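Residue strings, one per chain:
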Amino acid sequence: QVQLVESGGGLVQAGGSLRLSCAASGPTFSRYIMAWFRQAPGKEREFVAVISWTGGRTSYADSVKGRFTISRDNAKNTVYLQMNSLKPEDTAVYYCAADSSFTRIVGNYDYWGQGTQVTVSS
């Protein structure tokens, strides 16, 4: 079992940048696929990015491709989401999640953090 804690959210102007972190507990972090999802008010939770065990494979939602970068440091049990060129439509609660399979499907993920708020002002 793994526990996840996100940090790094906040308020930023459009065009700005933020880096989210997700710290995981437990000795088996490197065995998990890690992903970021987000949920805006009144909307369903949606996929943002996913990264493989070693970090060698990543996948992004079309809406963030070229602006966001997911990475991981298995020595620190941490996954990151670097967000550049932020837009007001990126405003949401961002969640990290862990699973054993490389997937974009929110229902497949077994472990979730509590979320961190990102607000982008225009």
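## Overview of the state of the cysteines
(1) Moving on: In this structure the tally under the stated criterion is one disulfide.
(2) Moving on: The disulfide that involves Cys22 links it to Cys96, with 2.0 Å between the sulfurs. When the S-S torsion is 45°, as for the bridge of Cys22 with Cys96, the disulfide is right-handed. Of this pair, Cys22 sits in strand 3 (residues 18-24) while Cys96 sits in strand 9 (residues 92-99), placing them 74 residues apart in sequence. Like Cys22, the residue Cys96 is buried in the burial classification.

## As for the packing of aromatic side chains
(1) Moving on: Applying the stated rule across the entire model yields six aromatic pairs.
(2) Moving on: Relative to Phe47, the ring of Phe37 has its centre 5.9 Å away and its plane inclined at 75°; by these criteria the two rings are edge-to-face. Taken together, the residues span a long stretch of sequence, with Phe37 in strand 4 (residues 33-39) and Phe47 in strand 5 (residues 46-51) at a distance of ten residues. Each member of the pair, Phe37 as well as Phe47, carries the same accessibility label: buried.

## With respect to the nonpolar core
(1) Moving on: Within the largest apolar cluster, 37 residues are counted, with the highest numbers of intra-cluster contacts made by Met34, Trp36, Leu81, Met83 and Tyr94.
(2) Moving on: Counting residues per element, the ones that place at least two in this core are strand 3, strand 4, strand 5, strand 7 (68-73), strand 8 (78-83), strand 9 and strand 11 (116-121).
(3) Moving on: The residues contacting Leu81, other than those within four sequence positions of it, are Leu18, Arg19, Leu20, Trp36, Val48, Ala49, Phe68, Thr69, Ile70 and Tyr94.

## Observations concerning the sheet that holds strand 3
(1) Moving on: Across the sheet, which stays open at both edges, the four strands sit in the order 1-3-8-7 with antiparallel pairing between neighbours. Either end of the sheet is taken by a strand with one partner, and the two such strands are strand 1 (4-7) and strand 7. Averaged over all pairs of adjacent strands, the angle between their axes in this sheet comes to 15°, without regard to strand direction.
(2) Moving on: The pairing of strand 1 with strand 3 spans four bridges and is antiparallel. Opposite Leu4, over in strand 3, you have Ala24 as the bridge partner.

## Regarding unusual backbone geometry
(1) Moving on: A positive phi angle, close to 55°, is found at Asn77, a residue other than glycine.
(2) Moving on: Mapped onto the secondary structure, Asn77 falls in the loop between strand 7 and strand 8.

## What about the pairing of strand 3?
Walk down a regular strand and you will see the side chains alternate between the two sheet faces.
(1) Moving on: Of all the seven residues making up strand 3, five are buried; the element is thus mostly covered by neighbouring parts of the structure.
(2) Moving on: Sheet topology places strand 3 next to strand 8; six bridges connect them, and they run antiparallel. Bridge pairing links Leu18 to Met83 in strand 8.

## Remarks on the pattern of salt bridges
(1) Moving on: Following the criterion strictly, the structure yields four salt bridges and no others.
(2) Moving on: Residues Glu46 and Arg38 are paired through a salt bridge, measuring 2.6 Å at the closest nitrogen-oxygen approach.
(3) Moving on: For Lys65, the salt bridge goes to Asp62, with nearest N and O atoms at 3.3 Å.
(4) Moving on: Given the relative accessible area of 65%, Asp62 is considered exposed.
(5) Moving on: By sharing partners, the salt bridges in this structure join Arg38, Glu46, Arg67 and Asp90 into a single network.

So, how was this worked out
- Sequence order sets the numbering: in each chain, residues are counted from 1 along the sequence as written.
- Side-chain atom pairs in this predicted model are given and counted only at pLDDT of 80 or more, local residue features only at pLDDT of at least 70, and totals for whole chains, interfaces and linings cover all residues.
- Hydrogens and water are ignored here; the side-chain numbers use all heavy atoms of the structure.
- Disulfide assignment relies on a single distance test, namely cysteine sulfur atoms paired within 2.5 Å.
- Each helix is a run of H or I in the DSSP string that is no shorter than four residues. Each strand is a run of E no shorter than two, and both are numbered from the N terminus.
- The classification of residues rests on relative accessible area computed with a 1.4 Å probe and restricted to protein chains. Under 20% of the type maximum is buried, over 50% is exposed, and intermediate values are partly exposed.
- Here a Phe, Tyr or Trp ring, Trp counted by its six-membered ring, pairs with any other such ring whose centre lies within 6.5 Å, and the pair is stacked when the planes are under 30 degrees apart, edge-to-face when over 60, and tilted otherwise.
- Put simply, buried Ala, Val, Leu, Ile, Met, Phe, Trp, Tyr and Cys residues joined by side-chain atoms within 4.5 Å make one nonpolar core.
- Every residue pair with non-hydrogen atoms within 4.5 Å of one another is taken to be in contact.
- In this scheme, strands are said to pair when DSSP sees at least two bridges between them.
- Lines are fitted to the C-alpha atoms to define the axes, a helix being fitted only along its stretch in contact, and any angle between axes, read from their N-to-C directions, falls within 0 to 180 degrees.
- Any Lys or Arg side-chain nitrogen found within 4 Å of a carboxyl oxygen on Asp or Glu counts as a salt bridge.

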